[in-house]
Amino acid sequence: NMAACSPVVVDDFVFVVTANGVDENHINIPPPQAPSFIALSKESGKLLWKYQAEGKLIGRVAIDERAIYFGAGDGYVYSVDTSTGLLKWRSRTGAAIEASPVLVAEKVLVASFDNFVYALSRTHGDRIWKRRLENRIAAAPIVEGDACLVAPLRGDYVAVLLNSGGRRVNSFRL
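Please read these numbers as outputs of a predicted model, since none were measured by experiment. (Residues numbered from 1 in each chain as written. Predicted model: local features only at pLDDT ≥ 70, side-chain atom pairs only at ≥ 80, totals over all residues. Heavy atoms only, no water.)

### Re the overall build of the protein
1) Next: Counting its regular elements, the protein contains 0 helices and 16 strands.
2) Next: Expressed as a percentage of its 174 residues, the buried residues of the protein come to 48%.
3) Next: Once local pairs closer than 6 in sequence are excluded, the contacts in the protein between residues at least 24 apart make up 33%.
4) Next: Put simply, the protein shows about 8800 Å² of open surface, and 51% of that area lies on carbon and sulfur atoms. (Helix = DSSP H or I, 4+ residues; strand = E, 2+ residues; numbered from the N terminus. Buried < 20%, exposed > 50% of the residue type's maximum accessible area, 1.4 Å probe, protein only. Contact = heavy atoms within 4.5 Å. Areas by Shrake-Rupley, 256 points an atom, 1.4 Å probe, with all protein chains shown as cover.)

### Side note on the side chain of Asn115
1) Next: Mapped onto the fold, Asn115 is located in the loop between β10 (107-111) and β11 (116-121).
2) Next: Take Asn115: its relative accessible area is 12%, and that puts it in the buried class.
3) Next: At a separation of 3.1 Å, a polar atom in the side chain of Asn115 contacts the main-chain amide nitrogen of Arg136.
4) Next: Beyond its immediate sequence surroundings of up to four residues, Asn115 is in contact with Arg131, Arg132, Leu133, Glu134, Asn135, Arg136 and Ile137. (Polar contact = N/O pair within 3.5 Å; in protein donor to acceptor, adjacent residues only side chain to side chain.)

### Brief notes about the environment of His124
1) Next: Relative to the helices and strands, His124 resides in the loop between β11 and β12 (127-132).
2) Next: Classification of His124 by relative accessible area gives exposed; the value is 55%.

### What to know about the pattern of salt bridges
Close approach of charged atoms lets side chains of opposite charge pair.
1) Next: Taken as a whole and judged by the stated rule, the model has 6 salt bridges.
2) Next: The residue Glu134 makes a salt bridge to Arg168 at a minimum N-O spacing of 3.4 Å. In this pair, Glu134 is assigned in the loop between β12 and β13 (142-144) and Arg168 in strand β16 (residues 168-173), connecting sequence segments 34 residues apart.
3) Next: You can call Arg168 partly exposed: its relative accessible area is 28%.
4) Next: As a salt-bridge pair, Asp156 and Arg173 come within 2.6 Å of each other at their nearest N and O atoms. Taken together, the residues Asp156 in the loop between β14 (147-150) and β15 (157-162) and Arg173 in strand β16 connect sequence positions 17 residues apart.
5) Next: Residue classification places Asp156 among the partly exposed residues on the basis of a relative accessible area of 43%.
6) Next: Connected through shared salt-bridge partners, Asp64, Glu65, Arg66, Glu106 and Arg122 make up one network. (Salt bridge = Lys/Arg side-chain N within 4 Å of Asp/Glu carboxyl O.)

### Observations regarding the sheet that holds β14
1) Next: Taking strand neighbours across the sheet as the criterion, the 4 strands line up as β13-β14-β15-β16 in an open arrangement whose pairing is antiparallel. The outermost strands of the open sheet, each flanked by one partner alone, are β13 and β16. Ignoring which end each strand starts from, the neighbouring axes of this sheet average 20° apart.
2) Next: Alignment of β13 against β14, held across 3 bridges, turns out to be antiparallel. Paired with Ile142 across the bridge in β14 is Leu149. (Pairing = 2+ DSSP bridges. Axes fitted to C-alpha atoms, helices over the stretch in contact; angles between N-to-C directions.)

### As for the pairing of β16
1) Next: Where β15 meets β16, 5 bridges bridge the pair, whose relative direction is antiparallel. Bridged to Ala159 within β16 is Ser171.
2) Next: Joining the antiparallel neighbours β15 and β16 is a turn of 5 residues, in which Gly166 adopts a positive phi near 80°.

### Observations concerning unusual backbone geometry
1) Next: In this structure, Asp11 takes a positive phi of about 55° despite not being glycine.
2) Next: Residue position: Asp11 is located in the loop between β1 (8-10) and β2 (13-17).
3) Next: Classification of Asp11 by relative accessible area gives exposed; the value is 62%.
4) Next: In this model, Ala105 sits at a positive phi of 50°, which is unusual for a non-glycine residue.
5) Next: Its location among the elements puts Ala105 in the loop between β9 (102-104) and β10.

Here is the structure:
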C-alpha cells in the first residue's frame, strides 16, 4: 500500500501513516506483516519503530509531547507513545474513522462514521462527551476557541459544538 497522508516531522522523528490495514473487502491485511504506522529518524532515515493498528489509517495524525493520536478503520482511536511506539490506550467509537483527530486542551476530538463526534481524554482515552449529528462525518472538526465546526457528509449544514461539553449551539444551512 501507499502513504495515506503527508508525513509529519517533529523533533528528530518523521512519522508516516502507511495506509496498510484491512483491504477494501475488510477481510485481509495485504501484507499482514507491514505496519500501518512508522517512525523514522529524521537524520538517518532509519526505522525507529513501527505500529500495526487493526484497521486502515486514513487521516493525518495529531501529536503532542506525550503521544501520537489517530483514528482507524476498525473504529478505534489510538494513542501511541512517540518515543517507543508502544500503545498507551485505544478507545472505541461506533464505526470507522477517516477524519484526522484534533487536540483541544486535554481532549482529543474525533469524528466517526457512526454520526458522532467524540471528545476523549488525552491521558487515558476515556470518553468525556459525544454528540450525534444527522449524517456520517469524514472531515476533522475545525476548532476556534471553545467551539468546533463539524460538516457531515451528504448534509446541507454545518454544526457548531462547544468543546467543553459537546453541546450543539448552532447550525448553519448551506
